[in-house]
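Residue-level structural notes
One letter stands for each residue in the lines below.
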Amino acid sequence: MADALTAVARVRAVPGSEEIVRDALIAMVAPTREEEGCLDYRLHAVDGDPGLFCFVALWRSEADLDAHLDEPHIADGLAAIADHTEHVVVSRMTRIA
């Protein structure tokens, strides 16, 4: 797993849209876990900040993450929350220890 890639996606809901965003993000989890190269994929709500959600994912490779971002269920999910989010930020990270 030396080449594994960690990705963290932070999604900020517009105030009042937290439930819409939460439900749309939850809908992305099951199909993503079935994708080739997905080693772990978890969605978190940030304690004390009801409008902030974080995906923490482990991918076999950067190519697998790139393929994930092109999946229809991701495009559909992002389209569903586009008017309900302030931002979506994806960080790619390499484990160093």
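Described in the following lines is the structure provided in the data block.

Each value, and the rule that gives it
Residues numbered from 1 in each chain as written. Predicted model: local features only at pLDDT ≥ 70, side-chain atom pairs only at ≥ 80, totals over all residues. Heavy atoms only, no water. Pairing = 2+ DSSP bridges. Helix = DSSP H or I, 4+ residues; strand = E, 2+ residues; numbered from the N terminus. Axes fitted to C-alpha atoms, helices over the stretch in contact; angles between N-to-C directions. Contact = heavy atoms within 4.5 Å. Buried < 20%, exposed > 50% of the residue type's maximum accessible area, 1.4 Å probe, protein only. Arc of directions from axis to C-beta. Expected span 1.5 Å × (residues − 1). Disulfide = S-S within 2.5 Å. Core = buried A, V, L, I, M, F, W, Y, C linked by side-chain atoms within 4.5 Å. Salt bridge = Lys/Arg side-chain N within 4 Å of Asp/Glu carboxyl O.

Once that is clear, we can look at the sheet that holds strand β4 (residues 85–93). Read from one edge to the other, the open sheet built from four strands follows the order β2-β3-β1-β4, with strand pairing classed as antiparallel. Of all strands in the sheet, those bounded by a partner on one side alone are β2 (38–45) and β4. For this sheet, the mean inter-axis angle between neighbouring strands, taken without regard to orientation, is 10°. Alignment of β2 against strand β3 (residues 52–59), held across seven bridges, turns out to be antiparallel. Considered in β3, the bridge of Cys-38 is made with Trp-59. The strands touched by helix α1 (residues 18–33) are β1 (5–13), β2, β3 and β4; relative to β2, the strand with the most contacts, the crossing angle is about 165°. Strands in contact with helix α2 (residues 62–69) are β1, β2, β3 and β4; relative to β4, the strand with the most contacts, it is inclined by about 160°.

Taken together, the buried positions of α2 are Asp-64, Leu-65 and His-68. Seen along its axis, α2 keeps its buried residues to an arc of 100°; they face one direction.

The next subject is the environment of Thr-6. By secondary structure assignment, the location of Thr-6 is in strand β1. Given a relative accessible area of 22%, Thr-6 falls into the partly exposed group. Residues Thr-6 and Arg-95, 89 residues apart in the sequence, show an inter-C-alpha distance of 7.4 Å.

What follows covers α1. The end-to-end C-alpha distance of α1, which contains 16 residues, comes to 23 Å, matching closely the 22 Å that a straight helix rising 1.5 Å per residue would cover. Inspection of α1 places Val-21, Ala-24, Leu-25, Met-28, Val-29 and Thr-32 among the buried residues, and these make up the whole buried set. Down the axis, α1 shows its buried residues gathered within 160° of arc, on one side only. The outward face of α1, more than 90 degrees from its buried face, is lined by the exposed residues Glu-19, Ala-27 and Ala-30.

Our next topic: the state of the cysteines. Counted by the stated rule, this structure contains zero disulfides. No disulfide involves Cys-38; its nearest neighbouring cysteine sulfur is the one of Cys-54, lying 17 Å away.

This part takes up the nonpolar core. Of all hydrophobic cores here, the largest spans 19 residues; its most connected members are Val-21, Leu-25, Tyr-41, Phe-55 and Trp-59. Not counting residues within four places of it along the chain, the set of residues in contact with Phe-55 comprises Ala-7, Val-8, Ala-9, Leu-25, Met-28, Val-29, Tyr-41, Arg-42 and Leu-43.

All right, on to the pattern of salt bridges then. Pairs may arise between side chains of opposite charge once their charged atoms sit close together. For the structure on display, the rule yields six salt bridges. One salt bridge in this structure joins Glu-62 and Arg-92, with 3.1 Å as the shortest N-O distance. Highlighted residues: Glu-62 in helix α2 and Arg-92 in strand β4, separated in sequence by 30 residues. On the basis of relative accessible area, Arg-92 is assigned to the partly exposed category, the value being 36%. Taken together, the shared-partner salt bridges connect Glu-36, Arg-60 and Asp-64 into one network.

Take it as geometry only, folks, not as evidence of what the structure does.
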